[in-house]
Amino acid sequence: MEIKKVGVVGCGAMGSGITQVSAQAGYQVTVREISDEFLNRGLGGIRSGLERQVERGRMTAADKDATLGRIKGTTRLDDLAESDLVIEAAVEEIEPKRAIFGALDKLCPPTAILATNTSSLTVIQMAAATKRPEMVLGLHFFNPVPVMKLVEIVKTIVTSDEVVETGRKFVESVGKTPVFAKDQPGFISNRLLAPYLIDAIRVYEAGLGTAEDIDQTMVLGCNHPMGPLTLADFIGLDVLMHIAESLHAELAEPRFAPPPLLKRMVMAGHLGRKTKRGFYTY
Ligand code: 3HC
């Protein structure tokens, strides 16, 4: 299986990052968003990220132009029909994802691999919406994608070994390091990270310390690059709540339940950095 053309569904924080690193690695990438407004915002972010690299002397202007030249933006899913690998990074809800997988299955050649960047939904549920479940896997990137070195490769109970191997080669070709995880709630990363972030919110809710002091504790005391409440704001409180809900729904352990404060912040539309208000204001 050889990957030359990559399709990406979604050009938000994750989809635009995946588009960028794939194009930088030499792949032809078609990225689809649902509206021109979202598409232009995502593509604009890629352009400014690459321009920053040129300014810092890490990339030549010619390489930046060549990278941008390999990216095609579209609002039509049909334009992904030629892809060898499609990575879905759309909204983190199972029904829209299943609809996307069903549509991609009809559009793409039978040899195409279909991947999801989901952080906590069950990959086999998406695979089951296709007639090629053995060709479906998880490729879970981390935010900010151009910086974070890890990709979790998620193998379902039916993903073929050849597809996993092709996924590994692709991940390495875009300069990332793979780890392999089972298609179980939260995979490895969010099984560990989500309870930590949830606990930090509980510590805050219980008044053990201010947001700043909770974060400083982990930054200065444990050398974490960001404190947990800053990280929760960075990931998005809605995203964190979805992860907590999926873990809690399947594993039924109280420690995964979203804390009441998290739910209320999401209800209030305080989703963290992206809405300029979360545990901090931006
Ligand atoms: N896009 C591209 N590059 C970025 C970036 C972005 N959004 N944000 C920062 N960078 C680059 C900067 O250009 C800079 O590069 P340079 O040193 O080569 O010039 C480098 O990253 C460091 O940035 P800064 O100096 O501005 O800031 P920091 O040193 O504070 O680093 C950070 C920023 C890399 C985001 C760091 O704070 C960090 O690693 N935070 C933790 C991030 C993390 O844990 N991510 C995982 C979230 S969980 C997830 O994604 C999974 C999901 O399922 C929830």
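A quick note: this is a predicted structure, and the numbers were derived from the prediction, not measured. (Residues numbered from 1 in each chain as written. Predicted model: local features only at pLDDT ≥ 70, side-chain atom pairs only at ≥ 80, totals over all residues. Heavy atoms only, no water.)

1. Comments concerning the packing of aromatic side chains
Applying the stated criterion to the full structure yields 2 aromatic pairs. Taken together, a centroid distance of 5.1 Å and an interplanar angle of 50 degrees make the contact between Y27 and F170 tilted. Highlighted residues: Y27 in the loop between α1 (13-24) and β2 (28-32) and F170 in helix α6 (residues 161-173), separated in sequence by 143 residues. Accessibility expressed as a relative area gives 12% for Y27, which makes it buried. Judged by relative accessible area, F170 falls into the buried class, the value being 2%. Between Y204 and F279, the aromatic rings sit 5.5 Å apart at their centres with planes inclined by 90 degrees, giving edge-to-face as the arrangement. With Y204 in helix α7 (residues 189-205) and F279 in the segment after α11 (260-267), this pair connects stretches of sequence that are 75 residues apart. Accessibility expressed as a relative area gives 30% for Y204, which makes it partly exposed. (Phe/Tyr/Trp six-rings, centres within 6.5 Å; stacked < 30°, edge-to-face > 60°. Helix = DSSP H or I, 4+ residues; strand = E, 2+ residues; numbered from the N terminus. Buried < 20%, exposed > 50% of the residue type's maximum accessible area, 1.4 Å probe, protein only.)

2. Structural notes on the pattern of salt bridges
Per the stated rule, a full pass over the model turns up 14 salt bridges. Here R76 ties to D79 by a salt bridge, and the two come within 3.4 Å at their closest N and O atoms. Taking the relative accessible area as the measure of exposure, R76 reaches 47% and is therefore partly exposed. D79 gets classed as partly exposed once you look at its relative accessible area, which sits at 23%. (Salt bridge = Lys/Arg side-chain N within 4 Å of Asp/Glu carboxyl O.)

3. Considering the site of the ligand
Taken together, 18 residues surround the ligand, and among them R56, R58, S119, H140 and N143 come closest. Between the ligand and R58, the relevant distance is 2.9 Å, taken from an oxygen atom to a side-chain nitrogen or oxygen of the residue. A distance of 2.8 Å separates a nitrogen atom of the ligand from a polar backbone atom of N143. Considered on its own, the ligand offers 1000 Å² of accessible surface; in the complex 61% of this is hidden by protein. For the shell around the ligand, the elements supplying multiple residues, two or more each, are α7 and α9 (228-235). Among the residues forming the shell around the ligand, the class breakdown is 11 nonpolar, 4 polar and 3 charged. Residues from two domains meet in the shell around the ligand; each of domain 1 (5-182) and domain 2 (189-275) gives at least three. (Near = heavy atom within 4 Å. Polar contact = N/O pair within 3.5 Å; in protein donor to acceptor, adjacent residues only side chain to side chain. Areas by Shrake-Rupley, 256 points an atom, 1.4 Å probe, with all protein chains shown as cover. Nonpolar A, V, L, I, M, F, W, Y, C, P; charged D, E, K, R; others polar. Domains from an automatic or database assignment.)

4. Describing the environment of K72
Within the fold, K72 resides in strand β3 (residues 71-74). Along the sequence, K72 and A23 sit 49 residues apart, while their C-alpha atoms lie 10.0 Å from each other.

5. Topic: the domain arrangement of the protein
Along its sequence, the protein is carved into domain 1 (5-182) and domain 2 (189-275). Just the C-alpha atoms count here: the centres of domain 1 and domain 2 sit 26 Å apart. The interface is formed by 10 residues belonging to domain 1 together with 7 residues belonging to domain 2. A buried area of about 680 Å², summed over both sides, lies between domain 1 and domain 2, and 50% of it is on carbon and sulfur atoms. (Contact = heavy atoms within 4.5 Å. Buried area = accessible area lost by both parts, 1.4 Å probe.)

6. Section: the side chain of R32
Looking at the element boundaries, R32 is found in strand β2. Not counting chain neighbours up to four residues away, the residues in contact with R32 comprise V8, V9, G10, C11, T74, T75, R76, L77 and L80.

7. As for the sheet that holds strand β7 (residues 150-155)
Here 8 strands make up an open sheet; going across it, the order is β3-β2-β1-β4-β5-β6-β7-β8 and the pairing mixed. Every other strand in the sheet has two partners, leaving β3 and β8 (177-182) as the edge strands with one partner each. Pairwise comparison of adjacent strand axes, ignoring direction, gives a mean angle of 25 degrees for this sheet. Alignment of strand β4 (residues 85-88) against strand β5 (residues 113-116), held across 4 bridges, turns out to be parallel. Note on β5: the bridge partner recorded for V86 is L114. Contacting β1 (5-9), β4, β5, β6 (136-141), β7 and β8, α6 crosses the sheet at an angle of about 170 degrees to β7. (Pairing = 2+ DSSP bridges. Axes fitted to C-alpha atoms, helices over the stretch in contact; angles between N-to-C directions.)

8. A short note on the packing of helix α2 (residues 36-55) against helix α3 (residues 61-69)
It is at 9 Å that the axes of α2 and α3 come closest, and there the two elements cross at 160 degrees. By the angle between their axes, α2 is roughly antiparallel relative to α3. Here α2 runs over α3; the crossing is right-handed. Across the interface between the two elements, I46, R47, L50, E51 and V54 of α2 pack against A61, K64, T67 and L68 of α3. A breakdown of the residues in the contact of α2 with α3 according to their chemical character gives 5 nonpolar, 1 polar and 3 charged. (Parallel < 35°, antiparallel > 145°, perpendicular 65-115°, else oblique. Left-handed = near helix turned anticlockwise from the far one by under 90°.)

9. Considerations on the side chain of S22
For S22, the position within the fold is in helix α1. By relative accessible area, which is 0% here, S22 ends up buried. Within polar-contact distance, the side chain of S22 engages the backbone oxygen of I18 at 2.7 Å. Beyond its immediate sequence surroundings of up to four residues, S22 is in contact with V6, Y27, V29, F170 and V174.

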